Amino acid sequence: MKLFEQQELVIYNSISKTNEKFKPINDGIIGMYVCGPTVYSNVHLGNCRTFLSFDLIFRYLKHLGFKVRYVRNITDAGHLENDADSGEDRIAKKARIEMVEPMEIVQRYTVDFHQTMSLFNALPPSIEPTATGHIIEQIEIIEKIILEGFAYIVNGSVYFDVHKFNETNSYGKLSGRNLEDMVANTRDLAAQSDKKNPQDFALWKKASPEHIMQWTSPWGKGFPGWHIECSALAMRELGTTIDLHGGGSDLIFPHHECERAQSEAATGEQFVKHWMHVAMVSMDGHKMSKSRGNLVFVDKLRTRFDPRVIRLGLMEHHYRFEWEWDEDMFARNVDRLALWGTGTKPDDGELLGLVREALDDDLDTPRAIAHIDKAVASGVDVTDAARLLGIEIKS
């Protein structure tokens with residue numbers, strides 16, 4: 001009998017705002033999609049926290065005996081500087097500044113991302129598709145959305161009609177936003193945009209002549225909107241309804257709200273059963289972000305600390321709760337990791353059971369770490385328990 005048949009895993013669902021028993025669509029099989037990086041800069045600590053949190057759930061689901069298909073994309077086109085469908089493509093801008101081709105930027109930072117994940121003992125996903133590798137699938141979904149009456153074409157661009165969707169569905173359900181309130185708080189942009197309403201978002205954008213990354217479509221030369229990429233890649237690899245979809249909490253709105261709307265508009269089916277989001281790391285009172293520049297880059301941090309210490313420090317904090325950057329946490333985890341390697345008494349199963357119990361409760365890593373600390377103080381070998389957190393005590 002598999003472990004998942006003997007115990008109950010509970011995970012907070014962002015759309016219901018409650019802890020729920022995690023039960024996949026098909027017994028013993030899980031389809032999991034996580035929004036991966038936009039590859040135009042080095043990995044920072046906030047990125048790491050998100051992806052290592054999903055590495056934890058991936059490895060724990062496998063430990064419980066589930067067969068997991070984990071899909072994590074690479075965004076290598078279509079992510080504009082402004083989430084309101086304006087500005088320059090982030091990768092193209094980086095390429096222009098450095099006077100190289102966009103795919104050189106993509107290659108450089110994809111390699112950096114993979115090396116960083118490997119350094120922190122993150123398991124690779126089952127599939128890692130790119131946006132540029134699946135333009136055809138994105139166009140096909142846009143065509144379905146148009147056919148269903150939830151999108152419109154203006155001057156070579158295609159926009160999702162949020163108000164039309166909201167007539168029969170609930171736009172804002174995931175993020176807890178009310179469309180009427182969004183309308184009331186939006187300035188009139190009619191003279192500045194082709195959109196019918198400011199809340200509408202781009203599925204396909206017409207490319208200006210100087211835009212380097214562009215493709216042929218039924219609507220002319222252009223490029224996909226940021227949100228459509230994940231709908232196309234998730235449904236291609238996992239089907240129309242997926243068990244678990246996640247990312248950083250900064251993606252709840254607009255990215256995941258829009259992704260949910262366009263996917264359900266295309267298929268008429270529930271897109272995701274369980275939404276999971278990792279809270280941000282703050283610095284100086286603001287979330288770490290590339291736009292603000294308040295970042296702690298991993299390539300600098302790892303010159304001072306063992307990667308296992310960094311991973312352990314991140315696990316000190318529950319994935320759903322934001323915390324303020326504190327360099328001291330890594331210093332204290334140097335000592336903790338050393339202590340974890342001192343236990344010699346075999347674990348009779350009690351510690352492993354306690355750690356599983358903590359992880360079954362919405363991945364309560366602080367509680368799991370406390371159990372390991374207590375056990376090692378009694379001389380217990382905690383190797384197997386630490387491995388559940390992705391930490392190999394003996395390097």
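Notes on the structure in this doc start here. (Residues numbered from 1 in each chain as written. Predicted model: local features only at pLDDT ≥ 70, side-chain atom pairs only at ≥ 80, totals over all residues. Heavy atoms only, no water.)

1. Examining the packing of aromatic side chains
Under the definition given, this model contains eleven aromatic pairs. Put simply, the rings of Phe150, Phe160, Phe165 and Phe201 touch in pairs and so form one group of aromatic residues. Sitting over the ring of Phe253, Arg177 keeps its end group 3.9 Å from the ring centre. We note Arg320 situated over the ring of Tyr12; from NZ or CZ to the ring centre the distance is 4.0 Å. (Phe/Tyr/Trp six-rings, centres within 6.5 Å; stacked < 30°, edge-to-face > 60°. Lys NZ or Arg CZ within 6 Å of the ring centre and 35° of its normal.)

2. Some remarks on helix H11 (residues 328-340)
Quick reminder: α-helices carry 3.6 residues per turn. Residues three or four places apart thus point the same way. For H11, built from 13 residues, the straight-helix expectation of 18 Å at 1.5 Å per residue is met to within 8% by its first-to-last C-alpha distance of 19 Å. Of the positions making up H11, those classed as buried are Met329, Phe330, Asn333, Arg336, Leu337 and Trp340. Looking at the buried residues of H11, the elements they touch are helix H1 (45-63), helix H9 (298-301), helix H10 (307-315), strand E15 (323-324), helix H13 (365-377) and helix H14 (383-388). (Helix = DSSP H or I, 4+ residues; strand = E, 2+ residues; numbered from the N terminus. Expected span 1.5 Å × (residues − 1). Buried < 20%, exposed > 50% of the residue type's maximum accessible area, 1.4 Å probe, protein only. Contact = heavy atoms within 4.5 Å.)

3. Points about the pairing of strand E11 (residues 242-248)
Among the seven residues that make up E11, seven are buried, leaving the element largely enclosed by the rest of the structure. Pairing of strand E3 (residues 29-34) with E11 involves three bridges; the strand directions are parallel. Within E11, the residue paired with Val34 across the bridge is Gly246. The pairing of E11 with strand E12 (residues 272-278) spans six bridges and is parallel. Paired with Ile242 across the strands is Val272, a residue of E12. For the crossover that starts at E11, traverses helix H8 (residues 252-267) and ends in the parallel E12, the hand is right-handed. (Pairing = 2+ DSSP bridges. Right-handed = clockwise from strand over helix to strand, strands pointing away.)

4. Looking at H13
With 13 residues, H13 should cover 18 Å at 1.5 Å per step; its first-to-last C-alpha distance of 18 Å lies within 8% of that length. Looking at H13, one finds that the buried residues are Thr365, Ala368, Ile369, Ile372, Ala375 and Val376. One face of H13 carries all of its buried residues, which in axial projection span an arc of 125°. Within H13, the exposed residues directed more than 90 degrees away from the buried face are Lys374 and Ala377. Residues of H13 that are buried make contact with H1, H10, H11, helix H12 (350-360) and H14. Two or three places before Arg367, at the start of H13, stands the capping residue Asp364, its side-chain oxygen 3.2 Å from that residue's backbone nitrogen. (Arc of directions from axis to C-beta. Polar contact = N/O pair within 3.5 Å; in protein donor to acceptor, adjacent residues only side chain to side chain.)

5. Considering the sheet that holds strand E7 (residues 151-154)
Ordered by their spatial adjacency, four strands build an open sheet running E7-E8-E9-E10, and the pairing between neighbours is antiparallel. Strands with a single pairing partner mark the edges of an open sheet, and in this sheet they are E7 and strand E10 (222-224). Across the sheet, the mean angle from the axis of one strand to that of its neighbour is 20°, orientation sign disregarded. Examined bridge by bridge, strand E8 (residues 157-160) and strand E9 (residues 201-206) share three bridges and lie antiparallel to one another. Following the sheet pairing, Phe160 is matched in E9 by Phe201. Packing against the sheet, helix H4 (residues 135-147) makes contact with E7, E8, E9 and E10, and its axis sits at approximately 120° to E9. (Axes fitted to C-alpha atoms, helices over the stretch in contact; angles between N-to-C directions.)

6. Thoughts on the nonpolar core
Counting residues in each nonpolar core, the largest one holds 77 residues, and the members touching the most others are Met32, Leu45 and Trp340. Element by element, the count of residues in this core is highest for H1, at ten residues. Ignoring anything within four residues of it in the chain, the contact list for Leu45 reads Met288, Val296, Val298, Leu301, Ile310, Leu314, Trp323, Trp325 and Phe330. (Core = buried A, V, L, I, M, F, W, Y, C linked by side-chain atoms within 4.5 Å.)

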